[in-house]
Amino acid sequence: MTPETALKTRENMLRDGYCVIDDILTDEFLEELRGESERLIADHTEHEEFRYQGQHVNVRGEDNPIIQKLLEWEPSRQALEQLGFGDFQTSGGIIILTKEAKGPPLYWHQDWMQWNDPISCSPWPQIIFLNYYLTDTAVENGCLKVIPGTHLKRIPLHDQLVPAHEQGARFIEETHPIMFSDYPDEVNVPVSARSLVLGDARILHSAGRNYTDERRTLILAWHRRHTTDVPDYWEGHIPEVVANRDPDQKYEGSRIPGKYLKP
Ligand SMILES: O=C(O)CCC(=O)C(=O)O
Ligand SMILES: [Fe+2]
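To start, this report covers the structure provided alongside it. Worth saying up front: this structure is predicted, and the values here are computed from it rather than measured.

1. A look at the site of ligand 1
And step 1. In the vicinity of ligand 1, the residues found are Gln53, Leu97, Leu106, His109, Asp111, Tyr133, Leu144, His165, His205, Ala207, Arg216 and Leu218.
And step 2. Residue His109 places a side-chain N or O atom 3.0 Å away from an oxygen atom belonging to ligand 1.
And step 3. Considering ligand 1 on its own, with 290 Å² of exposed area, one finds that the protein chains cover 96% of that surface.
And step 4. Here the shell around ligand 1 is composed, by residue class, of six nonpolar, four polar and two charged.

Below, the structure written as structure tokens:
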């Protein structure tokens, strides 16, 4: 990545809440990951409650050398460094998520679980997903969808959603009028299989239905900064609530955006 590309990509990430970096995986490693994910899925029983996320297989790097290789993959590490995100560290594991052949869409949600914490207002990311799609994605097979900017700005949809995953959304009907709706500002994010998609945990996102006969597999790796210090690259305004945040206070977890997400 040239320094210009890195700067532009980071700007996209900060402004939109997501970005795409091309040519991260080699064809050879991609094949290895496909083989390993198929093997892990074959040994796994898909639970009905996870149907919108498809298979939902948690794997720790320490238990699986191929997954560990992905977590240490040099091109990804280098890309994070170049973007200024070198202080993000892996959780140590990944989740294999799928859209099965003809599988249902994934509901609108965001994955930030600290909405009571003033750090929710940070204009820079604190927790991000690294998404590796193991096939090319398109609207046809249920690519990722995002609503750019919603990591920092409340929109009407925020107040209409059933909270994500175990907090409710896993148990909704496929006919839910809002959770699977088309939203005017939504953007499809079709990517090639060798790409890396970064997303801010706060961004509203979903994924379409898989209309094809092929499984669409995603390996998702959560990464976080273990500090709330202002990142070196940040030269913009620092919101008062972030500047005045008490790092020693305990903030109770919450998936529901409250006063720290303003319209
Ligand atoms: O399937 C995808 O593209 C996204 C998955 C996701 O965001 C999730 O399961 O939380
Ligand atoms: Fe998500």
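2. Considering the coordination of the iron ion (ligand 2)
And step 1. Bound to the iron ion (ligand 2) are the protein donor atoms His109 (NE2), Asp111 (OD) and His205 (NE2), situated 2.1 Å from the metal.
And step 2. The motif formed by the donor residues of the iron ion (ligand 2), counted along the single chain, is H-x1-D-x93-H. Within this pair, whereas Asp111 is found in the loop between β5 (106-109) and β6 (127-133), its partner His205 is found in strand β10 (residues 205-207), the two being separated by 94 residues in sequence.
And step 3. Residue Asp111 is classed as buried on the basis of its relative accessible area, which comes to 12%.
And step 4. A relative accessible area of 5% means that His205 is categorised as buried.

3. Points about helix α4 (residues 74-83)
An α-helix turns once per 3.6 residues; consequently, residues spaced three or four apart project the same way.
And step 1. Those residues of α4 lying buried are Ser76, Ala79, Leu80 and Leu83. In a view along the axis of α4, the buried residues occupy a sector of 100°, so they form one face of it.
And step 2. Tucked inside the fold, the buried residues of α4 contact α1 (3-16), β1 (18-21), β6, β9 (196-200) and β11 (216-225).
And step 3. Looking one or two residues past α4, Gly84 carries a phi angle of roughly 95°, positive in sign.

4. Section: the pattern of salt bridges
And step 1. Overall, the coordinates contain 19 salt bridges when judged by the stated rule.
And step 2. One salt bridge in this structure joins Arg245 and Asp117, with 2.7 Å as the shortest N-O distance. Linking Arg245 in the segment after α5 (240-243) with Asp117 in the loop between β5 and β6, this pair joins segments that are 128 residues apart in sequence. Asp117 carries the same exposure label as Arg245, and that label is buried.

5. Describing the packing of aromatic side chains
And step 1. Here the structure, examined in full by the defined rule, presents nine aromatic pairs.
And step 2. Their ring planes at 70° and their centres at 5.7 Å tell us that Phe85 and Tyr233 sit as a pair that is edge-to-face. In this pair, Phe85 sits in the loop between α4 and β3 (88-90) while Tyr233 sits in the loop between β11 and α5, placing the two residues 148 residues apart along the sequence.
And step 3. Taking the relative accessible area as the measure of exposure, Phe85 reaches 1% and is therefore buried.
And step 4. Summarising the aromatic geometry, the rings of Trp112 and Trp115 are spaced 6.4 Å apart at their centres and angled 75° between planes, so their arrangement reads as edge-to-face. Here Trp112 matches Trp115 in class, with each residue buried.
And step 5. Taken together, the ring pairs connect Tyr52, Tyr107 and Phe180 into an aromatic cluster.

6. Details of the sheet that holds β10
For sheets, the rule is that strands pair by backbone hydrogen bonds, running either parallel or antiparallel.
And step 1. Taken in spatial order, the four strands of this open sheet run β5-β10-β7-β8, and their pairing is antiparallel. Every other strand in the sheet has two partners, leaving β5 and β8 (187-189) as the edge strands with one partner each. The mean inter-strand angle of the sheet, taken between neighbouring strand axes irrespective of direction, is 25°.
And step 2. In terms of strand pairing, β5 meets β10 through two bridges, oriented antiparallel.

7. Some remarks on empty space enclosed by the protein
And step 1. Across all of its chains, the model carries one cavity of 30 Å³ or more by this definition.
And step 2. Put simply, the largest cavity is a space of about 60 Å³.
And step 3. Around the largest cavity, the lining residues are Leu70, Leu71, Trp73, Ser76, Arg77, Leu80, Leu130, Tyr132, Ala221 and His223.
And step 4. Listing elements by their share of the lining of the largest cavity, those giving two or more residues are α3 (65-71), α4, β6 and β11.

8. Brief notes about the pairing of strand β4 (residues 93-99)
And step 1. Most of β4 is tucked away: seven of the seven residues are buried.
And step 2. With burial as the criterion, each face of β4 is covered, one bearing Gly93, Ile95, Leu97 and Lys99 and the other bearing Ile94, Ile96 and Thr98.
And step 3. Both strand β2 (residues 56-60) and β4 contribute to a ladder of five bridges, which runs antiparallel. Pairing of Arg60 across the sheet is with Gly93, part of β4.
And step 4. As judged from the five bridges shared by β4 and β11, these two strands associate in the antiparallel manner. Within β11, the position partnered with Ile96 by the bridge is Ile219.

Rules used in this analysis
Residues numbered from 1 in each chain as written. Chains lettered and ligands numbered in written order. Predicted model: local features only at pLDDT ≥ 70, side-chain atom pairs only at ≥ 80, totals over all residues. Heavy atoms only, no water. Near = heavy atom within 4 Å. Polar contact = N/O pair within 3.5 Å; in protein donor to acceptor, adjacent residues only side chain to side chain. Areas by Shrake-Rupley, 256 points an atom, 1.4 Å probe, with all protein chains shown as cover. Nonpolar A, V, L, I, M, F, W, Y, C, P; charged D, E, K, R; others polar. Donors = N, O, S within 2.8 Å, 3.2 Å for Na, K, Ca; no water. Helix = DSSP H or I, 4+ residues; strand = E, 2+ residues; numbered from the N terminus. Buried < 20%, exposed > 50% of the residue type's maximum accessible area, 1.4 Å probe, protein only. Arc of directions from axis to C-beta. Contact = heavy atoms within 4.5 Å. Salt bridge = Lys/Arg side-chain N within 4 Å of Asp/Glu carboxyl O. Phe/Tyr/Trp six-rings, centres within 6.5 Å; stacked < 30°, edge-to-face > 60°. Pairing = 2+ DSSP bridges. Axes fitted to C-alpha atoms, helices over the stretch in contact; angles between N-to-C directions. 1 Å grid on protein atoms, 1.4 Å probe; cavity = no way out; pocket = protein on both sides within 12 Å on 5 of 7 lines; lining within 4 Å. Points joined across faces, edges and corners; volume = space filled by probe spheres on them.

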